[in-house]
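Chains, contacts and geometry: an overview
Spelled out from the first residue to the last, the chains are:
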Amino acid sequence: MTNKKISFKEIVSHAKQYGFVFPSSEIYDGINAIYDYGQYGIYLKNNIKEYWWKSMIQINENIIGLDTSILMHPNIWKASGHISKFKEIFLYNEDTKYSYRLDFLIENYFKTNLNLNKEKKLKHNIIKYLDKKLKINEKDKILKLINKIKIIDPKQKKLTKWTKIYEYNLMFKIPLKEHEKKNFYLRPETAQGIFTNFLNVLNTSKMKIPFGIAQIGKVFRKEIIARQFLFRMREFEQMEMQFFIHPNQEEKWLEYWKKKRLKWHLSLGLGKKKYRFYEHEQLAHYAKKAYDIQFKFTFGFKELEGIHSRANFDLKNHEKYSKKRFRVFDKEKKNFYIPYIIETSVGLDRIFLAVFSSSLKKETIKDTKKERIILKINPALSPIKAAIFPLIRDKRLIFYAKEIYKNLKLYFILIYEEKDSIGKRYRRQDAIGTPICVTIDFKTLKDKCVTMRFRDKMLQKRVLIKDLKREIKKETSMNQLFKLL
Ligand code: ATP
């Protein structure tokens, strides 16, 4: 079998055509950067979620889970620094009428200007200059520099004048009551719900430092340059784990979680070469040290997961604003301290995109020279675990097939199909990543065996109906992933 390249456009269109991802509100022309998950997408998403959740909560005795609210007390966002610091700097181009995030413009400039990539010193100096000017809020100097080094408009690909630089808070504001100054915000990260429940968990569980609290939930950000499909959305889901430690163990646990999270990603089987670490030079307002696990998407290496040391930034500030004590006792030193936090934060939708886009293949079958589109996804993540087919529309075969479907659907997500030729049915299942097709034919009536056909190699084997449950479980169980951790 030979592989052909699949473009990003084809990936997006396959996601829609096969019921994985639809643009939200499509009948009203959609909304930029907001998507709905379709009938197969929801299973894939849930399977990724389940795998993450179990590998955090079930496998680690010292991690527990929470589900906290999206709307929280407005003071939380003051204490967390999000009201004053969760901002991005944008540049506006009068000629093209487009705005771009400063870091995107700079990154694009380094990438498209090949000579510059070699001239590391110049790159370093530009970043240092920008850092300095950002710290002292001299935005007009940044604007001057962007015009001086002749950064082009990335969309229009021509040199134009940058006319305005401005700051933009990424949180969605919801007025508490009309005409009132106080606002609610849709949470831009799930982490704050964890920090604000730290004392509740300490008081109601047996957790002792070091321990972690994990959560999966929706978050919202007013992303201005929303592009690249599920990569940058305005409403998305995060899977975060906050690990509370003694301050003198920061280095050890940061390294521990870097290794552990990379191993988790590698277990998905997308290939070692697709991942790399990136250490941040410019840190978010809460971070002391920050690493990204980057993934090689079709549009280049981009952040998939952040692994940060938040030090005691959050708990210290919640102490200040709430007047509650976020301290634990150090038995050795006989004093109280505010725990440090190592955070692992990953976008569920970005993992979905990573898995979906790198598993979608176009193959030419050697013998028949026919082409097939196949979602070569890890069977543990596949939306449908097996498809059950009668070979043809014969009453007796249909009866057997439906009986098998009825018994096995208690254990697996299955599909039953009798429409079209068997070849067409195989193609449809390949395209949604179903790892096994089970066919009931006339021989089944005599030997009580069915044919199992495997998606990737298209190999077939006969198995007894009574062994089918065990065989499907063996091929599709999530346990095979846990073993790799
Ligand atoms: P980026 O630099 O790409 O904007 P970030 O550094 O702001 O990301 P974090 O605040 O660290 O991201 O959020 C943790 C994770 O949430 C990211 O690693 C990413 O997987 C995911 N994420 C962040 N923003 C988005 C978004 N707009 N759409 C989808 N996923 C996102």
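Residues numbered from 1 in each chain as written. Predicted model: local features only at pLDDT ≥ 70, side-chain atom pairs only at ≥ 80, totals over all residues. Heavy atoms only, no water.

Turning next to the overall build of the chain. Assigned secondary structure in the chain consists of 18 helices and 24 strands. Projected onto its principal axes, the C-alpha coordinates of the chain cover approximately 80 × 60 × 50 Å. At a minimum sequence separation of 6, the contacts of the chain that also span at least 24 residues come to 65%. Summed over its atoms, the accessible surface of the chain is roughly 25,300 Å², and 53% of this surface lies on carbon and sulfur atoms. For the chain, the separation between the mean place of its 102 positive charges and that of its 54 negative charges on side chains is 2 Å. (Helix = DSSP H or I, 4+ residues; strand = E, 2+ residues; numbered from the N terminus. Contact = heavy atoms within 4.5 Å. Areas by Shrake-Rupley, 256 points an atom, 1.4 Å probe, with all protein chains shown as cover. Lys, Arg positive; Asp, Glu negative; His and termini not counted. Charge placed at Lys NZ, Arg CZ, Asp CG, Glu CD.)

In this structure, F20, L44, I48, W52, W257, I351 and F352 are the most contacted members of the largest nonpolar core, which totals 65 residues. In terms of residue count, the dominant contributor to this core is helix α13 (residues 348-359) (seven residues). Counting contributing residues per domain, this core is built from domain 1 (2-70 + 189-357) and domain 3 (378-482), each supplying no fewer than three. The contact partners of W257, leaving out residues within four places of it in the chain, are M56, N60, I63, M241, F243, I307, I342 and T344. Ranked by size, the runner-up nonpolar core spans 20 residues in total, among them Y100, Y109, I142 and I149. (Core = buried A, V, L, I, M, F, W, Y, C linked by side-chain atoms within 4.5 Å. Buried < 20%, exposed > 50% of the residue type's maximum accessible area, 1.4 Å probe, protein only. Domains from an automatic or database assignment.)

The description of two packed helices rests on the angle between their axes and on the distance between the axes. Look at helix α5 (residues 102-112) against helix α7 (residues 120-135): their axes get within 12 Å of each other, and the N-to-C directions meet at 170 degrees. In terms of their interaxial angle, α5 and α7 are classed as roughly antiparallel. Two secondary-structure elements touch here, α5 through L102, I106, Y109 and F110 and α7 through K123, I126, I127, L130 and L134. Within the contact of α5 with α7, the residues separate by chemical class into eight nonpolar, no polar and one charged. (Axes fitted to C-alpha atoms, helices over the stretch in contact; angles between N-to-C directions. Parallel < 35°, antiparallel > 145°, perpendicular 65-115°, else oblique. Nonpolar A, V, L, I, M, F, W, Y, C, P; charged D, E, K, R; others polar.)

Among the twelve residues that make up strand β14 (residues 300-311), nine are buried, leaving the element largely enclosed by the rest of the structure. Summarising the sheet, strand β13 (residues 289-297) and β14 pair through nine bridges and their orientation is antiparallel. Bridge assignment links Y291 to a residue of β14, and that residue is I307. The antiparallel hairpin formed by β13 and β14 contains two residues in its connecting segment. Two strands pair when backbone bridges link them, and β14 and strand β17 (residues 340-347) are joined in this way by six bridges, in the antiparallel orientation. (Pairing = 2+ DSSP bridges.)

Note: interface size is frequently given as the accessible area lost on complex formation between the parts. Parsing the chain into structural domains produces domain 1 (2-70 + 189-357), domain 2 (87-169) and domain 3 (378-482). Between the C-alpha centres of domain 2 and domain 3 there is a distance of 55 Å.

A separate point is the sheet that holds strand β22 (residues 436-440). Spatially, five strands are ordered β21-β20-β22-β23-β24 in an open sheet, and the strand pairing comes out mixed. Among the strands making up the open sheet, the edge pair consists of β21 (414-416) and β24 (460-464). Strand-to-strand twist across the sheet, computed as the mean angle between neighbouring axes with direction ignored, equals 25 degrees. Of the strand pairs in this sheet, strand β23 (residues 449-454) and β24 are connected by five bridges, and their pairing is antiparallel. Paired with T451 across the two strands is R462, which belongs to β24.

Before going further, it helps to spend a moment on the pattern of salt bridges. Across all of its chains, the model carries 38 salt bridges by this definition. E237 serves as the salt-bridge partner of K45, at 2.7 Å between the closest nitrogen and oxygen. Highlighted residues: K45 in helix α2 (residues 41-58) and E237 in strand β11 (residues 235-245), separated in sequence by 192 residues. Here K45 falls in the buried class, since its relative accessible area comes to 8%. Residue E237 is classed as buried on the basis of its relative accessible area, which comes to 7%. Three or more residues joined by partner-sharing salt bridges are found here, namely E363, R372, K376, R427, D430 and R453. (Salt bridge = Lys/Arg side-chain N within 4 Å of Asp/Glu carboxyl O.)

Taken together, 18 residues are adjacent to the ligand, and R232, M233, E303, L304 and G347 come closest. With respect to the ligand, the side chain of E223 contributes an N or O atom lying 2.9 Å from a nitrogen atom. One of the backbone nitrogen or oxygen atoms of M233 is found 2.9 Å away from a nitrogen atom of the ligand. Here the ligand, which alone exposes 590 Å², has 88% of that area covered by the protein. Per element, the largest residue contribution to the shell around the ligand is five residues, and it comes from β14. Its residues placed into classes, the shell around the ligand shows six nonpolar, five polar and seven charged. (Near = heavy atom within 4 Å. Polar contact = N/O pair within 3.5 Å; in protein donor to acceptor, adjacent residues only side chain to side chain.)

Among the surface-exposed residues, I42, Y43 and I413 lie close enough to one another that they form a single nonpolar patch of about 210 Å² accessible area. As for its placement among the helices and strands, Y43 is situated in helix α2. (Patch = residues over 30% accessible without salt bridge, like charges linked within 9 Å, V, L, I, M, F, W, Y side chains within 5 Å.)

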